[in-house]
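Working through the structure, step by step
Read off the chains here:
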There are 2 protein chains.
Amino acid sequence: MKPLSSLEQLAEALRRLPGVGPKSAQRMAYHMLQHDREGAAMLGRAFNQAVEKIQHCTSCNTFTENPLCETCMDGERDATLLCVVETPSDQLMIEQTLTYKGLYFVLMGRLSPLDGVGPKDIHLEKLVKRASDGVVAEVVLATNFTNEGEATAHYISETMKARGLKVSRLARGVPVGGELEYVDAGTIARAMLDRRAT
Amino acid sequence: MKPLSSLEQLAEALRRLPGVGPKSAQRMAYHMLQHDREGAAMLGRAFNQAVEKIQHCTSCNTFTENPLCETCMDGERDATLLCVVETPSDQLMIEQTLTYKGLYFVLMGRLSPLDGVGPKDIHLEKLVKRASDGVVAEVVLATNFTNEGEATAHYISETMKARGLKVSRLARGVPVGGELEYVDAGTIARAMLDRRAT
Ligand SMILES: [Zn+2]
Ligand SMILES: [Zn+2]
């Protein structure tokens with residue numbers, strides 16, 4: 001077998017991207033070399049730089065270029081609150097609500113036994129150690145409200161409670177602006193059970 | 001404005017890939033850094049190497065790492081035939097049929113005035129020069145049978161004939177194995193007009 005050409009190597013490498021099959025990998029390789037060499041050079045540099053520089057925050061586990069991320073270094077944060085999210089995007093969504101001023105722990109995933117994702121893959125030990133620093137008073141679970149997110153929240157909740165930590169979960173209910181007619185029955189049922197005095 | 005982090009730079013660069021929007025660029029960046037750092041390093045190398053090494057064949061215009069591609073260097077080829085295709089993939093498809101032993105010219109595109117793709121973008125001058133080498137006796141047009149491919153074939157055909165070159169086009173007709181009931185009327189009409197004596 002003769003060695004792969006640079007073009008074939010590029011197409012092969014592009015298949016490592018999630019959601020990119022052989023056909024679109026080849027289309028991407030052709031496109032970049034034919035129409036956007038500057039972009040191709042940019043991608044080469046960006047991947048090399050990212051691999052070299054990006055690590056995980058020693059405290060909250062998110063992506064960062066320093067041992068501690070900016071959020072963890074922010075002295076204005078309420079260190080008694082620790083919000084657990086699945087991904088950096090989820091953290092960003094919560095930040096945008098301006099309703100939370102505590103710190104975070106980013107799992108970088110969710111429990112998914114069928115896909116072979118267990119407690120170790122979502123850095124449970126690191127989270128337990130982080131939450132047991134003697135300063136954290138409440139762990140706020142903000143994993144997604146999917147089956148896997150709920151299972152992850154449940155697992156973390158049990159683990160934390162076993163260590164005497166206070167745990168809370170974001171409220172479920174009818175979305176703001178939601179018309180009951182168009183909201184699914186499960187959501188309405190949950191909203192009914194979780195109804196609050198006004 | 002503070003400079004983009006390595007992660008943001010990677011997501012930005014990934015948006016240069018065709019068909020990748022901001023959401024999937026971010027998802028790709030997260031995925032590669034979280035789950036496939038080896039793949040990320042591979043992509044960095046592959047892009048850099050491709051940009052550095054891949055050029056266009058001076059004769060047929062396809063991608064190659066040398067001044068002349070392997071096909072053009074193959075002395076066994078019939079140099080009187082020059083087949084014009086849109087992309088390297090199209091050339092590969094024709095090669096796989098084992099019905100053609102001539103040489104190629106790869107346009108690396110098709111005429112598409114609406115997208116601003118004119119004769120210069122498909123290297124028409126290079127093709128005219130190539131076909132006028134005194135050896136080429138027939139130009140075989142194998143652009144796609146789409147509107148743009150047909151327009152491209154027509155344009156090249158006129159240009160070549162004006163220079164006294166013989167031009168042919170792949171036959172259109174009912175696909176092998178095609179049942180008339182399921183073939184579109186336009187194809188049947190064309191097959192009727194192009195019918196051959198048996
Ligand atoms: Zn952090
Ligand atoms: Zn060539």
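On a predicted model such as this, the values are computed, not experimentally measured, just so you know.

A short note on the UniProt feature "zinc finger region: C4-type" (unreviewed entry) in chain A
- UniProt annotation of "zinc finger region: C4-type" (unreviewed entry) refers to residues 57-72 of chain A when read in the numbering used here.
- When the span residues 57-72 of chain A is considered, its composition is 19% helix and 12% strand, and the gap between its end C-alpha atoms is 8 Å.

Things to note about the layout of surface pockets
- The space that makes up the largest pocket amounts to roughly 1800 Å³.
- Lining the largest pocket are 50 residues, and of these Pro88(A), Ser89(A), Leu7(B), Gln26(B) and Tyr30(B) lie nearest its centre.
- Of all the secondary structure elements, the ones that give two or more residues to the lining of the largest pocket are strand E2 (63-64), helix H4 (70-73) and helix H5 (88-97) of chain A together with helix H1 (6-14) and helix H2 (22-35) of chain B.
- Of the residues belonging to the lining of the largest pocket, the class tally is 15 nonpolar, 17 polar and 18 charged.

Here's the deal with the interface of chain A and chain B
- Listed as interface residues are 47 residues of chain A and, on the opposing side, 47 residues of chain B.
- Roughly 4400 Å² is buried in total at the junction of chain A and chain B, and carbon and sulfur atoms are behind 61% of that figure.
- Taken together, the links from chain A to chain B amount to two salt bridges.
- Close ionic contact of Asp36(B) with Arg16(A) constitutes a salt bridge, the shortest N to O distance being 2.9 Å.
- Here chain A is connected to chain B by 16 residue pairs in polar contact (both at pLDDT 80 or more).
- Among the elements of the structure, helix H1 (6-14), helix H2 (22-35), helix H3 (37-53), strand E1 (55-56) and H5 of chain A are those that each provide at least two residues to the side of chain A that touches chain B.

Considerations on the UniProt feature "domain: Toprim" (unreviewed entry) in chain A
- Per the UniProt record, the feature "domain: Toprim" (unreviewed entry) sits at residues 80-175 of chain A.
- A helix fraction of 35% and a strand fraction of 20% characterise residues 80-175 of chain A, whose end C-alpha atoms lie 28 Å from each other.

Describing the sheet that holds strand E6 (residues 166-169) of chain B
All names here are of chain B.
- Taken together, the four strands give an open sheet; going across it, the order is E4-E3-E5-E6, and neighbouring strands pair in parallel fashion. The open sheet has two free edges, formed respectively by strand E4 (102-106) and E6, since each of these has just one partner strand. With direction set aside, neighbouring strand axes in the sheet form an average angle of 30°.
- In this structure, strand E5 (residues 138-141) lies alongside E6, joined through four bridges in parallel fashion. Counted as the bridge partner of Val139 is Val167 from E6.
- Contacting strand E3 (78-85) and E4, helix H5 (residues 88-97) crosses the sheet at an angle of about 160° to E4.

Considerations on the coordination of the zinc ion (ligand 1)
Residue and element names in this part refer to chain A.
- In the first shell of the zinc ion (ligand 1), the protein supplies Cys57 (SG), Cys60 (SG), Cys69 (SG) and Cys72 (SG), at 2.2 to 2.3 Å from the metal.
- Donor residues binding the zinc ion (ligand 1) come from one chain and are separated in sequence as C-x2-C-x8-C-x2-C. Residue Cys57 is found in the loop between E1 and E2, and its partner Cys72 is found in helix H4; the two are separated by 15 residues along the sequence. The residues Cys57 and Cys72 share a single accessibility class, namely buried.

The rules behind each value
Residues numbered from 1 in each chain as written. Chains lettered and ligands numbered in written order. Predicted model: local features only at pLDDT ≥ 70, side-chain atom pairs only at ≥ 80, totals over all residues. Heavy atoms only, no water. UniProt positions renumbered as here; feature names shortened; annotations may be inferred. Helix = DSSP H or I, 4+ residues; strand = E, 2+ residues; numbered from the N terminus. 1 Å grid on protein atoms, 1.4 Å probe; cavity = no way out; pocket = protein on both sides within 12 Å on 5 of 7 lines; lining within 4 Å. Points joined across faces, edges and corners; volume = space filled by probe spheres on them. Nonpolar A, V, L, I, M, F, W, Y, C, P; charged D, E, K, R; others polar. Contact = heavy atoms within 4.5 Å. Buried area = accessible area lost by both parts, 1.4 Å probe. Salt bridge = Lys/Arg side-chain N within 4 Å of Asp/Glu carboxyl O. Polar contact = N/O pair within 3.5 Å; in protein donor to acceptor, adjacent residues only side chain to side chain. Pairing = 2+ DSSP bridges. Axes fitted to C-alpha atoms, helices over the stretch in contact; angles between N-to-C directions. Donors = N, O, S within 2.8 Å, 3.2 Å for Na, K, Ca; no water. Buried < 20%, exposed > 50% of the residue type's maximum accessible area, 1.4 Å probe, protein only.

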